[in-house]
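# Coordinates in review
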Amino acid sequence: MDNISLNMVFTLSGFKELKANKYTYFVLILIAYLSIILFNLIVIVTIILERALHEPMYIFLCNLCFNGLYGSAGFYPKFLSDLINDVNFISYNGCLLQIFIIYSYGMCEYSTLMMMAYDRFVAICKPLEYHMKMTSQTVGRLILFSWSFPFLTVFGGIMLTSRMQLCGSHIDKLYCDNWSIVKLTCAPTTIINNVYGFFVILSAIAQGLFVVYSYIRLINACRKSKENKNKFMQTCVPHLLSLINFTIAILFDVMFSRYESRNFPKGLRDFLQLEFVIITPLSNPIIYGLKLTEIRKRVFRQYKEPKIKDSLHTKKR
């Protein structure tokens, strides 16, 4: 990493069309961010406080919500600041940090969804082996993997990107991404960069294929049993919705970054590129909180009990 790169400042030009209504967008985005914090914290705190929810499925969900808070923190504060400011700059190191957080968030999200698919596969297809396979040690190792693998993988990619000499400082997006920096390099990407990128893509495809395989087995098992059908509808449908939503959002972001089309409306393009950091962290706790009966009951109970105690205390007086 040379001194020129260290002192470089990038210009984010994707905000031009948002400036006309920047205060409206600021309020809407701020509400979305506060909602993400509130809903994810409700699910996290409920799972931590309720011993009955200390099961693999809910622990993975807690991890998913925590990851949503982590990814949002890497995007929203800077995005809200850029909406208000007239000129939108980000330092070279700040750009790399944002790439690291957003990319590791995305990979951790997908790894966690893969683990949840495996958990449901064992619970429905091999119920007698569930407690033998999904022990606390196994769950701990899986969660450690869901964070360590993305962190190490993204860090390796960031190090390779930081070695490139740049001949530009203009990023035509609302946030920093790796491909935008690669496009600013003075020379073609090296073989090491291409091989590393190919490895990351293969790992994502492998996780996706594992999830598809798990759901094929799940659907076949559920067709034979009414009890399994109920389990599938209650626990697998929310997971499937989260997985489909996140996969579509990532695919749009990758396609627009690499094969951007000027004929596509920019407003819609920006929304689709931001969906995985705006919609996903907000939809996960809502989808699971509303669909999973155990969480829904305990959330309502936690907020009703203080009111009941207060009313009893008032009557005693």
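Described in the following lines is the structure provided in the data block. Model, not experiment: these values are computed from the prediction. (Residues numbered from 1 in each chain as written. Predicted model: local features only at pLDDT ≥ 70, side-chain atom pairs only at ≥ 80, totals over all residues. Heavy atoms only, no water.)

## Details of the pattern of salt bridges
Put simply, the rule is: Salt bridge, as used here: a side-chain nitrogen of Lys or Arg that lies within 4 Å of a carboxyl oxygen of Asp or Glu. The buried label goes to any residue with under 20% of its type's maximum accessible area, the exposed label to any with over 50%, and the partly exposed label to all in between, with areas taken from a 1.4 Å probe on protein chains only.
Considering all chains together, one arrives at four salt bridges under this definition. The salt bridge involving D119 is made with R120; its shortest N-O contact spans 2.8 Å. Per residue, the accessibility class of D119 equals that of R120, and both read buried.

## What to know about the packing of aromatic side chains
Definition in use: Here is the rule: rings of Phe, Tyr and Trp (six-membered ring for Trp) pair when centre to centre is within 6.5 Å. Planes less than 30 degrees apart are stacked, more than 60 are edge-to-face, and the remainder are tilted. Every helix listed is a DSSP run of H or I at least four residues long, and every strand listed is a run of E at least two residues long, numbered separately from the N terminus.
Under the defined criterion, the tally for this structure stands at 14 aromatic pairs. Aromatic pair Y118 and F210: ring centres 6.2 Å apart, planes at 40 degrees, arrangement tilted. Here Y118, found in helix α5 (residues 92-125), pairs with F210, found in helix α9 (residues 191-223); they are 92 residues apart in sequence, far enough to count as distant. On the accessibility criterion, Y118 (25% relative accessible area) is partly exposed. For F210, a relative accessible area of 31% translates into the label partly exposed.

## Focus: the environment of C125
To keep things clear, this is the line we draw: In this description, contact between two residues means that some pair of their heavy atoms is separated by no more than 4.5 Å.
If you trace the backbone, C125 turns up in helix α5. Residues C125 and S214, 89 residues apart in the sequence, show an inter-C-alpha distance of 9.5 Å. The contact partners of C125, leaving out residues within four places of it in the chain, are R120, R217, L218 and A221.

## A look at a nonpolar patch on the surface
Basically, it comes down to this: Two joining distances apply to patches: 9 Å for like charges and 5 Å for nonpolar side chains (Val, Leu, Ile, Met, Phe, Trp, Tyr), and every residue must have over 30% relative accessible area and no salt bridge. Accessibility throughout is a Shrake-Rupley quantity obtained with a 1.4 Å probe, and a residue counts as covered only by protein chains that appear here.
Taken together, the side chains of F198, I201, L202, I205 and L209 define a hydrophobic patch exposed on the protein surface, amounting to about 500 Å² of accessible area. Its place among the elements puts I205 in helix α9.

## Some points on the packing of α5 against helix α7 (residues 136-162)
Under the convention used in this document: Between N-to-C directions, angles cover 0 to 180 degrees, with each direction set by a line fitted to C-alpha atoms, over the stretch in contact for helices. Each crossing is labelled by how the near helix is turned from the far one, with a counterclockwise turn of less than a right angle marking it left-handed and a clockwise turn marking it right-handed.
The N-to-C vectors of α5 and α7 enclose an angle of 145 degrees; their axes lie 8 Å apart at closest approach. The element α5 and its partner α7 pack so that their crossing is right-handed.

## Considering the packing of helix α3 (residues 56-73) against α7
Threshold: With respect to orientation, any angle under 35 degrees is reported as roughly parallel, any angle over 145 as roughly antiparallel, any angle of 65 to 115 as roughly perpendicular, and every other angle as oblique. Only Asp, Glu, Lys and Arg are considered charged in this grouping, and only Ala, Val, Leu, Ile, Met, Phe, Trp, Tyr, Cys and Pro are considered nonpolar; every other residue, Gly among them, is considered polar.
The interhelical angle for the contact between α3 and α7, taken along N-to-C directions, is 25 degrees, at an axis separation of 10 Å. As summarised for this structure, α3 and α7 are arranged roughly parallel, according to the angle between their axes. When you trace α3 past α7, the crossing you get is right-handed. Of the residues in α7, those touching α3 at P56, I59, F60, N63, F66, N67 and Y70 are V139, L142, I143, S146, W147 and F151. Residues belonging to the contact of α3 with α7 are distributed by class as follows: ten nonpolar, three polar and no charged.

## Here's the deal with the sheet that holds strand β1 (residues 9-12)
The condition that has to hold: Strand pairing is assigned whenever DSSP detects at least two bridges linking the two strands.
As summarised here, the arrangement of the three strands in space is β2-β1-β3, forming an open sheet in which the pairing is mixed. In the strand order of this sheet, the two ends are held by β2 (89-91) and β3 (170-171), each with one partner.

## Observations regarding the nonpolar core
The criterion, for reference: Throughout, nonpolar core names a set of buried Ala, Val, Leu, Ile, Met, Phe, Trp, Tyr and Cys residues whose side chains join them through atoms within 4.5 Å.
In terms of nonpolar packing, the biggest core is built from 77 residues, with F10, F75 and F79 touching the most fellow members. When residues of this core are assigned to their parent elements, the largest contribution, 20 residues, is made by α5.

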